[in-house]
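Architecture and fold: a report
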Amino acid sequence: MSSAPHLSSAPLEGRSPFELRRDQSRNVPESLVKKALETGEIGFLHSFTTGSTVDGPGVRVVGWTAGCQWRCQYCHNPDTWNMMNGMPVTLEHAVEALGKYRHGLKIMSGGFTLSGGEPLMQDRFATRLFKAAKAMGIHTCMETNGFLGARLSDEELETIDLVLLGLKAWDSEKHQRLTGKDIGPTLDFARRLAARNRPIWVRFVLVPGLTDETEDIAQIAKFAAGMGNVERVEVLPFHQMGRYKWKELGLDYKLEKTEPPSQALAERACDVFRAEGLKAF
Ligand code: SF4
């Protein structure tokens, strides 16, 4: 299948997820996209990056998927919203690319993280890739907004060693304004992971003037602490590395003038999580 002209057999490794990717799948016929989504035989990837120390435990290979139905105001990879901006890659090719790193990842206590975009937009590809990674003895993480978590069976959840779950705001109207979507399905997914005792690291993006309200953070903290399966909370400071992508893609970027949070503000947010007994960094 990898010899078909519209499928990429080129090396998957990119320098950084901050590289702008566009129209890499424009020649892929619609019928093939449909089949890809149904079977997971083909995935649409922005890139693979290696050597990450911030996307799960140890040193990670990260697969950045294309496709997301959310529209977070602070998204730093809006080129991954459209699945057709990703390169079409066979499952076989992705597994082979990952296999090259299996020994190194083990030595560095790392593993494979599937991020995006939103990996569950391509749930069949994601689950097959996780299964293959586990078969190679590789630790697996999925970074997700959780909205499509119901697409995974209980058995499939077991192939994901750790979920990096983005909790972006608590107040439902605020969440809708910030992401364009309802928070309900994300919380349902979180509760399901808790019920099955699957580990979670919560990821919270701190944006001055947008997500820094103490009461809202406190509600997220209370929810996270109550689940019992949250191993840590990562407070991620907003940054402007994706600003140029919004401009290049002709999108309306509302955070043009927003500064990254100060160290003191980030510490205060961590303290709100710590007050509920959570480990926060
Ligand atoms: S969920 Fe992630 S990829 Fe999707 S819009 Fe939000 S920040 Fe961007």
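As a reminder, the structure under discussion sits directly above these lines.
As a starting point, this report considers the structure included with it. These numbers were taken from a predicted model, which means no experiment stands behind them.

Criteria and thresholds
- Starting from 1, residues in each chain are numbered consecutively following that chain's sequence as written.
- Reporting of local features is limited, given that this is a predicted model, to residues whose pLDDT is at least 70; pairs of side-chain atoms are given and counted only at 80 or more, and all residues count toward the totals for whole chains, interfaces and linings.
- To get the side-chain values, take all heavy atoms of the structure and skip hydrogens and water.
- By the criteria applied, helices consist of DSSP H or I runs no shorter than four residues and strands consist of E runs no shorter than two, each listed in order from the N terminus.
- What the globule rule says is 2.2 Å times the number of residues to the power 0.38, and the radius of gyration is computed from C-alpha atoms.
- Remark: exposure states derive from per-residue accessible area (1.4 Å probe, protein chains only) relative to the maximum for the residue type, with buried under 20%, exposed over 50%, and partly exposed in between.
- Any two residues whose heavy atoms approach within 4.5 Å are treated as being in contact.
- In these tables, accessible area is a Shrake-Rupley quantity obtained with a 1.4 Å probe, and a residue counts as shielded only by the protein chains included in the view.
- Whenever Lys or Arg places a side-chain nitrogen within 4 Å of a carboxyl oxygen from Asp or Glu, that contact is recorded as a salt bridge.
- Here, nonpolar core means buried Ala, Val, Leu, Ile, Met, Phe, Trp, Tyr and Cys residues that are tied together by side-chain atoms lying within 4.5 Å of each other.
- Helix span, as expected, comes to 1.5 Å for every residue beyond the first.
- Counting of polar contacts relies on pairs of N or O atoms within 3.5 Å, with two restrictions inside protein: one atom must be capable of donating a hydrogen and the other of accepting it, and residues adjacent in sequence are counted only when both atoms are side-chain atoms.
- Near, as used in this document, describes a residue that has one of its heavy atoms within 4 Å of the molecule or strand being considered.
- Note on residue categories: nonpolar means Ala, Val, Leu, Ile, Met, Phe, Trp, Tyr, Cys or Pro, charged means Asp, Glu, Lys or Arg, and polar means any other residue, Gly included.
- Side-chain rings of Phe, Tyr and Trp (the six-membered ring for Trp) are treated as a pair once their centres are within 6.5 Å; stacked means planes under 30 degrees apart, edge-to-face means over 60, and tilted covers the remaining angles.
- Only Lys NZ and Arg CZ are tested; either one counts as a charge over a ring when it is within 6 Å of the ring centre and within 35 degrees of the ring normal.

Things to note about the overall build of the protein chain
When helices and strands are tallied, the protein chain shows ten helices and eight strands. For a compact globule of 281 residues, the expected C-alpha radius of gyration is about 19 Å, and the protein chain comes in at 18 Å, within 12% of that figure. Each of the three principal axes of the protein chain carries a C-alpha extent, and together these read 55 × 40 × 30 Å. A total of 281 residues make up the protein chain; the buried ones form 56% of that total. Excluding contacts between residues fewer than 6 apart, the proportion of contacts in the protein chain whose partners are at least 24 apart in sequence is 75%. Taken as a whole, the protein chain presents about 12600 Å² of accessible surface, with 51% of it coming from carbon and sulfur.

Structural notes on the pattern of salt bridges
Enumeration according to the criterion identifies 22 salt bridges in this entry. Here Glu 38 makes a salt bridge to Lys 34, at a shortest N to O gap of 3.6 Å. Of this pair, Glu 38 and Lys 34 are both found in helix H1 (residues 30-39), four residues apart, which corresponds to roughly one turn of the helix. Given the relative accessible area of 56%, Lys 34 is considered exposed. In this structure, Asp 271 engages Arg 274 in a salt bridge whose closest nitrogen and oxygen atoms are separated by 2.9 Å. With a gap of three residues between them, Asp 271 and Arg 274 both fall in helix H10 (residues 263-274), about one helical turn apart.

What to know about unusual backbone geometry
Of note, the amide linkage connecting Gly 116 to Gly 117 takes the cis form, showing an omega dihedral of 15°. One non-glycine residue, Asn 197, adopts positive backbone phi at about 55°. For Asn 197, a relative accessible area of 59% puts it in the exposed group.

Regarding the nonpolar core
Nonpolar side chains tend to gather and get buried jointly when the protein is soluble and globular. In terms of nonpolar packing, the biggest core is built from 79 residues, with Phe 48, Leu 98, Phe 112 and Phe 273 touching the most fellow members. Beyond its immediate sequence surroundings of up to four residues, Phe 273 is in contact with Phe 204, Ile 217, Ile 220, Ala 221, Val 233, Val 235, Leu 278 and Ala 280.

Section: helix H8 (residues 214-227)
Helix length check: H8, at 14 residues, gives a terminal C-alpha distance of 20 Å against a target of 20 Å (1.5 Å per residue), a fit within 8%. Contacts made by the buried residues of H8 are with helix H6 (172-179), helix H7 (184-195), strand E7 (200-206), strand E8 (230-237) and H10. Of the residues flanking the end of H8, it is Gly 228, one or two places downstream, whose phi is positive at about 85°.

A word on the side chain of Thr 179
Here Thr 179 shows up in helix H6. By relative accessible area, which is 0% here, Thr 179 ends up buried. From its side chain, Thr 179 meets the backbone oxygen of His 175 in a polar contact 2.8 Å long. In this structure Thr 179 touches Trp 70, Arg 71, Cys 72 and Lys 168, once residues within four positions along its chain are discounted.

Thoughts on the site of the ligand
Surveying the vicinity of the ligand reveals the residues Cys 68, Trp 70, Arg 71, Cys 72, Cys 75, Trp 81, Gly 117, Asn 145 and Lys 168. Along the lines of polarity and charge, the residues of the shell around the ligand split into five nonpolar, two polar and two charged.

Re the packing of aromatic side chains
Within the structure shown, the criterion is met by seven aromatic pairs. Each ring, one from Trp 81 and one from Trp 246, has its centre 5.3 Å from the other, and the planes form 90°; the classification is edge-to-face. Here Trp 81 is found in the loop between strand E2 (60-65) and strand E3 (87-90), whereas its partner Trp 246 is found in helix H9 (residues 243-248), with 165 residues between them in sequence. The pair Trp 81 / Trp 246 is uniform in exposure class, with both members buried. Each residue in the set Phe 48, Phe 112 and Phe 130 is aromatic and connected to the rest through ring pairs, giving one cluster. The cationic tip of Arg 232 hangs over the ring face of Trp 201; the distance from NZ or CZ to the ring centre is 4.0 Å.

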